[in-house]
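Chain residues, written in single-letter form:
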Amino acid sequence: MNNEKIALIDIGSNTIRLVIFGVTDDYNIFELQNIKTPARLTQYLDEDLYMSQKGIQVLIAILKNFSEVIDLYQVTQTLPMATAAIRQSKNRKDIVHQVWQQTGIEIQILPEEKEAFYGSYAVTLSTETADGITVDIGGGSTEVTYYEKKEIIHQHSFPFGVVSLKQLFFADKKHNNEKAIEKMTDYIQEQFESLPWLRKKRVPITAIGGSGRSIANVHQRQINYPLAGVHGYRMSRKDLTQTLELFKSLSIPELRDLDGLSQDRTDIIIPANIVFQTLFDYVKAPIFIFSNQGLREGIIMDYLNNKSDGEAFSKKNTATQSIYKLGLSYQTQNKVADQRGHLVGMLYEELCKVGVFEKDAYDGRLLQYGSYLYFLGSYVENGAVSQHTFYIISNSELNGLPHKERVVVALLASYKNKSLFEQYLESFKGWFDSDFTDQLRDFGGLIKFANALNDSHLNVVKNIQIEKKKDDIEIQLFYKGTIIAEKYRALRQQKHIHRLIKGDTRIVFINLETGERDPLEY
């Protein structure tokens, strides 16, 4: 059993955060503790970029507290990383020395290129986007990368962040001063124009970091978004304009009460929104995506991949890996899930041959995901297994799956009957058209029937063939061994198959050893 616990200390320009991760045998990482302190170290830098002793003592006090938490959790590895505020400090060696003397923590200062790399690395390992741009705006710097086929082609670190932009343009001014906003926008535009490789790339932009999460959270609450979590959440240019206008229209006290916005970001959320909006226009991006995986996760993923020779996280099949790890978290029986997926795959292939479905790789992939996670809510309890399954999957941040696909997988994996299916769909009106929801219901029935064909978990059904005759269709289930449990369950679930096929349908169990045919009676 992997009992590794990793403490990641992220010493940023705006906040200092301690995250303690637990690591499973399958390199699934989960948070054990997450503590954030809005230190705003950038404000302790003078004009010559020397950090004051007051700022150093603020840092030391926070790290001393973090050390107590780290000791409590019996952490096996500590990774203390510092970004722009300390990196830009001309007295950084003295800062590192004082911290080491008074806390025993040896700070590692991340170079600009490493900070950009880790954020982009986390995005490529947690999304399916092959070509894109990442933007990570912190308190004192903004990292931008451009990647193709999930490999970084260009990267750059700008010497501005939300805190430094506030200090530069809003000193002694209101947070929503129009002239200050205009000057700041021109400045940000000039900065982006210094990078020709960003111009008109027309690829998705993925935002990393707390400012992005805050904007996404606010937008979700404004539109009563039915899903939890911002990872993979998408906003258009119009959406970014709406949030900006909202922030500009509110006073600081009103922003503190704005649902979804962290109170320590009320005076810096406008600069963040303008950075995103300006970059969107310069890139001519089709969509703006938010990632919950950023610098910290990138550091941990890189650490574990180096430790496991690249086996912990893969840039390929991101969604499949995420589905598999979710199943492990809820103790899915792999052999049973794999057999169910095998049976579903055979049924789908055969039904496509006789024209019931039109074969589609995308549909087939989602069908397999739903099959693998089918009724994983039994981990909670069997009495309301469908409800638990739908809730868990629809509210899990599945890497590589856009939110609509996450809902699709939840609908398939939780399928029990038409009434529950329609009940789950109520919160997602307008997300899917009627033809697609009808198909999803058919797919849910297909999974339910396939599950019945392995009721004993002995993998007795070895092959499936469908023969189309003059006036009817015969579904042949070839088996080896005892078929009592499977036959009983299939008899109860055969209605899902009969509903798919127009005309007479006959289901027959065929013994592979004797050739004996045993029709499934209505």
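Just above sits the structure.
Okay, so let's go over this structure. (Residues numbered from 1 in each chain as written. Predicted model: local features only at pLDDT ≥ 70, side-chain atom pairs only at ≥ 80, totals over all residues. Heavy atoms only, no water.)

A look at the overall build of the protein chain
The condition that has to hold: Working definition: helices are DSSP H or I runs of at least four residues, strands are E runs of at least two. Numbering for both runs from the N terminus. For the exposure calls, accessible area comes from a 1.4 Å probe over protein chains only, and a residue counts as buried if that area is under 20% of its type's maximum, exposed if over 50%, partly exposed in between. Contacts are assigned to residue pairs that have any heavy atoms within 4.5 Å of one another. Reported accessibility uses the Shrake-Rupley method at a 1.4 Å probe radius. Residues are deemed covered only where the shown protein chains occlude them.
Within the protein chain one finds 20 helices and 15 strands. The principal-axis extent of the C-alpha atoms belonging to the protein chain is close to 90 × 45 × 40 Å. Burial status across the protein chain gives 56% buried among its 522 residues. Sequence-distant contacts, at least 24 apart, represent 69% of the contacts inside the protein chain between residues at least 6 apart. Accessible surface computed for the protein chain: about 23300 Å², of which carbon and sulfur atoms make up 46%.

Points about the sheet that holds strand β14 (residues 504–511)
Convention followed: One bridge is not enough; two strands pair if DSSP finds at least two bridges between them. A fitted line through C-alpha atoms serves as each axis, taken over the contacting stretch for helices, and the angle formed by two N-to-C directions is quoted from 0 to 180°.
Across the sheet, which stays open at both edges, the 4 strands sit in the order β12-β13-β14-β15 with mixed pairing between neighbours. The two strands at the open ends of the sheet, each matched to only one other strand, are β12 (461–468) and β15 (517–519). Strand-to-strand, the axes of this sheet are offset by a mean angle of 25 degrees, without reference to chain direction. Note: β14 against β15, 3 bridges, orientation antiparallel.

Re the side chain of K325
The criterion, for reference: This count recognises Lys and Arg as positive and Asp and Glu as negative, with His and chain-terminal groups excluded. A carboxyl oxygen of Asp or Glu within 4 Å of a side-chain nitrogen of Lys or Arg is what we treat as a salt bridge.
Mapped onto the elements, K325 comes out in helix α12 (residues 318–329). Buried charge without a partner: K325 forms no salt bridge, and the closest opposite charge is D26, 8.3 Å away. With near-sequence residues (within four places) excluded, K325 lies in contact with D26, Y27, N28, A312 and F313.

Some thoughts on the packing of helix α18 (residues 434–452) against helix α19 (residues 484–493)
Between two packed helices, what matters for the description is the angle formed by their axes and the separation of those axes. Stated formally: Just so you know how the angles are binned, under 35 degrees is roughly parallel, over 145 roughly antiparallel, 65 to 115 roughly perpendicular, and the rest oblique. Nonpolar residues are Ala, Val, Leu, Ile, Met, Phe, Trp, Tyr, Cys and Pro. Charged residues are Asp, Glu, Lys and Arg, and all others, Gly as well, are polar.
The interhelical angle for the contact between α18 and α19, taken along N-to-C directions, is 160 degrees, at an axis separation of 8 Å. With respect to each other, α18 and α19 are oriented roughly antiparallel. Here K448, F449 and A452 of α18 lie close against α19, whose contacting residues are E486, R489, A490 and Q493. Residues of the contact of α18 with α19, tallied by class, amount to 3 nonpolar, 1 polar and 3 charged.

Some details on the sheet that holds strand β5 (residues 108–109)
Read across the sheet, 5 strands follow the order β3-β2-β1-β4-β5 without closing on themselves; strand pairing throughout is mixed. Two strands bound the open sheet, and with one partner strand each, they are β3 (29–37) and β5. Here 6 bridges tie strand β1 (residues 5–11) to strand β4 (residues 77–82), and the two strands are oriented parallel to one another. Counterpart to D10 in the pairing with β4 is M81.

Quick word on the pairing of strand β6 (residues 132–137)
Taking burial as the measure, the 6 residues of β6 include 6 buried ones, the bulk of the element. Side chains of β6 alternate between two faces, with G132, T134 and D136 and I133, V135 and I137 buried alike. Bridge count between β6 and strand β7 (residues 142–148): 6 bridges; the pairing is antiparallel. From the neighbouring strand, T134 faces β7, where its bridge partner is T145. Between the end of β6 and the start of β7, which pair antiparallel, lie 4 residues.

No statement about biological role is implied by the geometric values presented.
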